[in-house]
Amino acid sequence: AVPDQNPEVAEIVMDYFAHRLDANIYAKPLSAKFADRIRPYWSSNHDYYRALGPPKSIERLESDAEDTPREYRYRVRYVDTARIVTVSIDGDGRISNLVGEDE
């Protein structure tokens, strides 16, 4: 883990995963373009995220870069597992891309 210079991004990502089963809340931090791209897949992973339960913690894995869109890597911990996620934040502070994998 590295010190997180942008804890507000961690809050956005944690909120995203905490509400992964509620599309009305889940979509709020997403850019319109990203939401449109992933909307057809929202329900396909419900069983997976329901089994994970709520996220327990989040930690930053890489330090900041000066690129735009800004890209961040986190470990999102659940009770029995963790996911490594890479998230891009656009100039409006919204998630413009997100990729995750089991650790």
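Preceding this section is the structure that the text describes.
Residues numbered from 1 in each chain as written. Predicted model: local features only at pLDDT ≥ 70, side-chain atom pairs only at ≥ 80, totals over all residues. Heavy atoms only, no water.

For the rest of this paragraph, the subject is the packing of aromatic side chains. This structure, assessed with the given rule, holds four aromatic pairs. Centroid distance Tyr-16 to Phe-17: 5.0 Å. Interplanar angle 85 degrees. Geometry classified as edge-to-face. In this pair, the class of Tyr-16 matches that of Phe-17, namely buried. Between Phe-17 and Tyr-49, the ring centres sit 6.2 Å apart and the planes meet at 35 degrees, which makes this aromatic pair tilted. A residue pair is termed long-range when its members are at least 10 positions apart, and Phe-17 in helix α1 (residues 7–18) and Tyr-49 in helix α4 (residues 46–52) qualify at 32 residues. (Phe/Tyr/Trp six-rings, centres within 6.5 Å; stacked < 30°, edge-to-face > 60°. Buried < 20%, exposed > 50% of the residue type's maximum accessible area, 1.4 Å probe, protein only. Helix = DSSP H or I, 4+ residues; strand = E, 2+ residues; numbered from the N terminus.)

A few words now on the sheet that holds strand β2 (residues 70–77). In space, the four strands of this open sheet follow the order β1-β2-β3-β4, with antiparallel pairing throughout. In this open sheet, the two strands that pair with only one neighbour each are β1 (57–60) and β4 (95–102). Neighbour-to-neighbour, the strand axes of the sheet open up by a mean angle of 25 degrees, direction not taken into account. When strand β3 (residues 82–89) meets β4, the two strands line up antiparallel, connected through seven bridges. Across the sheet, the residue bridging to Ile-89 is Ile-95, located in β4. The strands that α1 touches are β1, β2, β3 and β4; relative to β2, the one it contacts most, it runs at about 55 degrees. (Pairing = 2+ DSSP bridges. Axes fitted to C-alpha atoms, helices over the stretch in contact; angles between N-to-C directions. Contact = heavy atoms within 4.5 Å.)

All chains considered together, the criterion is met by eight salt bridges. Between Arg-39 and Asp-36 there is a salt bridge, with its nearest N and O atoms 2.8 Å apart. Given the relative accessible area of 42%, Arg-39 is considered partly exposed. Each of Glu-59, Arg-75, Arg-77 and Glu-103 takes part in a single network of salt bridges with overlapping partners. (Salt bridge = Lys/Arg side-chain N within 4 Å of Asp/Glu carboxyl O.)

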